[in-house]
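# Fold and geometry: a report
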Amino acid sequence: MELTREEAISEHRKMWNWIADRIEEEKEYQDIEDLKIEYCDREGFDDIENNCFCCEYTNCVCEFCPIEWESEAGDYMCLDQYKEKDCKGLYMLCFDELDWKEQAKLARQIANLPERENV
């Protein structure tokens, strides 16, 4: 699927706000991957790369991700904070968080990450 930068960012924000809403509605830990799949299915997005609109937009080339993940990692900024496979990126923190309130807070934070400039 061909997405513009603006579409990728917009859909990223919509999906992660929906994820945060679902966690808050259920008031319990949620499997983030399952929620991403559910969102893509219900919104009619088939075969989105990694169920991530930014991955789809960049063909999984992390250096072109339009979202600022607040990471020092060169690749997989959503997964890793400082180095490859440290699993301290915001996505992994949200995925692994067992406290539903904190998980919803992290999902909302992901939804509202700023755009990267010059990418």
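The sections below set out a description of the structure shown in this document. (Residues numbered from 1 in each chain as written. Predicted model: local features only at pLDDT ≥ 70, side-chain atom pairs only at ≥ 80, totals over all residues. Heavy atoms only, no water.)

### Considerations on the overall build of the chain
Scanning the chain from terminus to terminus reveals five helices and zero strands. When the helices and strands of the chain are placed in sequence order, the string is α-α-α-α-α. On the principal axes, the C-alpha backbone points of the chain span a range of 40 × 35 × 20 Å. Within the chain, the fraction of its 119 residues that count as buried is 44%. Considering only residue pairs separated by 6 or more positions, the chain has 52% of its internal contacts joining residues 24 or more positions apart. Roughly 6900 Å² of accessible area belongs to the chain as shown, and the carbon and sulfur atoms make up 44% of that amount. Each charge sign in the chain was given a centre, from 14 positive and 33 negative side chains, and these centres are 5 Å apart. (Helix = DSSP H or I, 4+ residues; strand = E, 2+ residues; numbered from the N terminus. Buried < 20%, exposed > 50% of the residue type's maximum accessible area, 1.4 Å probe, protein only. Contact = heavy atoms within 4.5 Å. Areas by Shrake-Rupley, 256 points an atom, 1.4 Å probe, with all protein chains shown as cover. Lys, Arg positive; Asp, Glu negative; His and termini not counted. Charge placed at Lys NZ, Arg CZ, Asp CG, Glu CD.)

### Some remarks on the side chain of aspartate 80
Mapped onto the secondary structure, aspartate 80 falls in the loop between α3 (53-58) and α4 (90-96). No salt bridge is formed by the buried aspartate 80, whose closest oppositely charged neighbour, lysine 85, lies at an N-O distance of 8.2 Å. For aspartate 80, the side chain forms a polar contact with the main-chain nitrogen of cysteine 87, separated by 3.1 Å. When sequence neighbours within four positions are dropped, the list of residues in contact with aspartate 80 reads Ser71, Ala73, Asp75, Lys85, Asp86, Cys87, Lys88 and Gly89. (Salt bridge = Lys/Arg side-chain N within 4 Å of Asp/Glu carboxyl O. Polar contact = N/O pair within 3.5 Å; in protein donor to acceptor, adjacent residues only side chain to side chain.)

### Description of the packing of aromatic side chains
Per the stated rule, a full pass over the model turns up five aromatic pairs. Put simply, the rings of Trp18, Tyr39, Phe45 and Phe53 touch in pairs and so form one group of aromatic residues. (Phe/Tyr/Trp six-rings, centres within 6.5 Å; stacked < 30°, edge-to-face > 60°.)

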